[in-house]
Amino acid sequence: MGFFSKKNTASSSGGDSYLEISVTKDKSEYTFLLEGRLDTVTSPELESRINEVIDDATKLTLDFAKLEYISSAGLRVLLGALQNMEDKGEMVVCNLNRSVRDVFILTGFNQLFKTE
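Every value quoted in this text rests on a predicted model; they were computed, and no experiment measured them.

**Student:** Would you mind going over the packing of aromatic side chains in detail, with residue names and values included?
**Tutor:** Counted according to the given criterion, the structure contains four aromatic pairs. Relative to Phe104, the ring of Phe64 has its centre 6.3 Å away and its plane inclined at 70 degrees; by these criteria the two rings are edge-to-face. Taken together, the residues Phe64 in strand β4 (residues 59-70) and Phe104 in helix α3 (residues 98-107) connect sequence positions 40 residues apart. The buried category is assigned to Phe64, whose relative accessible area is 0%. An aromatic cluster is built from Phe64, Phe104, Phe109 and Phe113, whose rings are joined through pairwise contacts. The ring of Tyr69 has Arg37 sitting right over it, with the charged end atom 4.2 Å from the ring centre.

Quick look at the structure:
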């Protein structure tokens, strides 16, 4: 079992964007706990972190319990990860708050992803 954490802080025109990514591993199952905002500034960090483990992963779980906001850039990263996981295993998103769930419903992502 492993634990990795990294905080990405950057300033955008709308204020501070930050995303803290904590990753736990159990065999070939990875859980990403996201805290903050998944937007244009922070989404490249998540994409990079997912790409580091995607070849080894049979399951990716993205825990949004502490995610405050998701933009189209964040949705693009999720879609890319889902496409990469198609032949390897499953991808799950869980603990969506109301605003993130609303974005998923409006974009149809609620039908693409297994949600818990």
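Picking up after the structure, the text goes on.
**Student:** Give me the pairing of β4: which residues, what numbers.
**Tutor:** In summary, the side chains of a regular strand alternate between the two faces of the sheet. Sheet analysis places strand β3 (residues 29-38) next to β4, joined by nine bridges and oriented parallel. Within β4, the residue paired with Arg37 across the bridge is Tyr69. In this fold, the crossover linking β3 to β4 by way of helix α1 (residues 43-53) has right-handed handedness. The pairing of β4 with strand β5 (residues 90-94) spans five bridges and is classified as parallel. Its bridge partner being in β5, Thr61 is matched across the sheet by Val92. Once the chain exits β4 it traverses helix α2 (residues 72-85) before rejoining the sheet at β5, and the crossover so formed is right-handed.

**Student:** Report on the pattern of salt bridges, specifying residues and quantitative values.
**Tutor:** This model, assessed by the stated rule, comprises six salt bridges. Taking the shortest distance from any N to any O, the salt bridge between Lys25 and Asp56 comes out at 3.4 Å. Here Lys25 is found in strand β2 (residues 15-26), whereas its partner Asp56 is found in the loop between α1 and β4, with 31 residues between them in sequence. Here Lys25 falls in the partly exposed class, since its relative accessible area comes to 29%. Residue classification places Asp56 among the partly exposed residues on the basis of a relative accessible area of 39%. With a closest N to O distance of 3.6 Å, Asp55 and Lys88 form a salt bridge. Of this pair, Asp55 sits in the loop between α1 and β4 while Lys88 sits in the loop between α2 and β5; the two residues are 33 residues apart in sequence, bridging distant segments of the chain. Judged by its relative accessible area of 69%, Asp55 is exposed. Each of Lys59, Glu90 and Lys114 takes part in one network of salt bridges that share partners.

Conventions used here
Residues numbered from 1 in each chain as written. Predicted model: local features only at pLDDT ≥ 70, side-chain atom pairs only at ≥ 80, totals over all residues. Heavy atoms only, no water. Phe/Tyr/Trp six-rings, centres within 6.5 Å; stacked < 30°, edge-to-face > 60°. Helix = DSSP H or I, 4+ residues; strand = E, 2+ residues; numbered from the N terminus. Buried < 20%, exposed > 50% of the residue type's maximum accessible area, 1.4 Å probe, protein only. Lys NZ or Arg CZ within 6 Å of the ring centre and 35° of its normal. Pairing = 2+ DSSP bridges. Right-handed = clockwise from strand over helix to strand, strands pointing away. Salt bridge = Lys/Arg side-chain N within 4 Å of Asp/Glu carboxyl O.

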